[in-house]
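# Chain and residue survey
The primary structure of each chain is shown beneath.
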Amino acid sequence: MHGAYYGKRSDLRYKLFEKLRKNIHADEEKIIELHKKILYCHTSARERMSFYEELYQEIFTITGTPKSILDLGCGMNPVSYLFMHLDHLTYIASDFSQIDCDFVQAYFDLMKERHSLQGTTPCINLLDSQGIEAVQRLPAVDVAFLFKVSDLIDRKGHKPTEQVVQTVHAKYIVVSFSTKTLSGEQMDKRRRVWFEMMTERLGYSFTIIEKSNELFYVVKK
């Protein structure tokens, strides 16, 4: 599953990161260009390129401007930080892959030179009970992201997603789902009725943000 999100571009991100490191004091336009190239190395991030900035604006209009973010199953999403337009941010990014966590941590450390960004990257596997316990121990945040993770962890029913949603210490959790099939065709039923019923049963409310290839539920806990 992990390899499917990178294809042959996994190694390219390191070369692009080195370019970013060497040009960290360049003008903003150059920095943004390099960010886009790095994000392009990851399938889900690449699919969000056309609406990243708009998406964060819509999310934060609902949640308010966050001072802290948790990104579970983050992949390369933290590299979209510039499109959030947030300063003095605490960003906890987690993935089951230690390699991805190390890459994101290097990115966080580098970006401290330009922005007031404090980032940490605990490695957490949401597929086991120890992972859920690790999420339980994380500090409270304003907003948590669970982008395209639910379909990966819900192998036999939707209990894993429910556990994560309940366990996360966040005022809001943004859960997203792909609206395209593996072959790239649009799904007939884009909304996840089971997820809407689950949130209502738990006493949470939600707002839907719909994009061309991804559906986002902004859940208020």
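Everything that follows concerns the structure shown earlier in this document.
A short tour of the structure in this document, coming up. None of these values were measured; they are calculated from a predicted model.

### Some words on the nonpolar core
One recurring pattern in soluble globular proteins is that nonpolar side chains are buried together. The biggest cluster of nonpolar side chains holds 43 residues, and the ones touching the most others in it are Tyr56, Ile59, Met84, Tyr91 and Phe145. Taken together, the elements giving at least two residues each to this core come down to helix H1 (12-22), helix H2 (28-39), helix H4 (52-63), strand E2 (89-94), helix H5 (98-111), strand E4 (141-147), strand E5 (170-178) and strand E7 (214-220). With six residues, H5 is the largest single contributor of residues to this core. Counting 27 residues, the second largest nonpolar core, distinct from the first, contains Ile92, Val141, Phe195 and Tyr217.

### Comments concerning the pattern of salt bridges
Per the counting criterion, the structure on display carries 13 salt bridges. Put simply, Asp142 and Lys171 hold a salt bridge, and the shortest N to O gap is 3.5 Å. Linking Asp142 in strand E4 with Lys171 in strand E5, this pair joins segments that are 29 residues apart in sequence. Of the residues examined, Asp142 reaches a relative accessible area of 17% and is grouped as buried.

### Observations concerning the packing of H1 against H2
In contact at an axis separation of 9 Å, H1 and H2 are set at 165 degrees when each is read in the N-to-C sense. The angle between the axes of H1 and H2 places the two elements in the roughly antiparallel class. Between H1 and H2 lies a crossing of left-handed hand. Taken together, the residues of H2 that come into contact with H1 (itself represented by Leu16, Phe17, Lys19 and Leu20) are Ile31, Leu34, His35, Lys37 and Ile38.

### With respect to the packing of aromatic side chains
With the rule as written, the count across this model stands at 17 aromatic pairs. Aromatic pair Tyr52 and Phe83: ring centres 6.1 Å apart, planes at 5 degrees, arrangement stacked. Linking Tyr52 in helix H4 with Phe83 in the loop between strand E1 (68-72) and E2, this pair joins segments that are 31 residues apart in sequence. Tyr52 sits in the buried class, given a relative accessible area of 2%.

What counts and how
- Residues numbered from 1 in each chain as written.
- Predicted model: local features only at pLDDT ≥ 70, side-chain atom pairs only at ≥ 80, totals over all residues.
- Heavy atoms only, no water.
- Core = buried A, V, L, I, M, F, W, Y, C linked by side-chain atoms within 4.5 Å.
- Buried < 20%, exposed > 50% of the residue type's maximum accessible area, 1.4 Å probe, protein only.
- Helix = DSSP H or I, 4+ residues; strand = E, 2+ residues; numbered from the N terminus.
- Salt bridge = Lys/Arg side-chain N within 4 Å of Asp/Glu carboxyl O.
- Axes fitted to C-alpha atoms, helices over the stretch in contact; angles between N-to-C directions.
- Parallel < 35°, antiparallel > 145°, perpendicular 65-115°, else oblique.
- Left-handed = near helix turned anticlockwise from the far one by under 90°.
- Contact = heavy atoms within 4.5 Å.
- Phe/Tyr/Trp six-rings, centres within 6.5 Å; stacked < 30°, edge-to-face > 60°.

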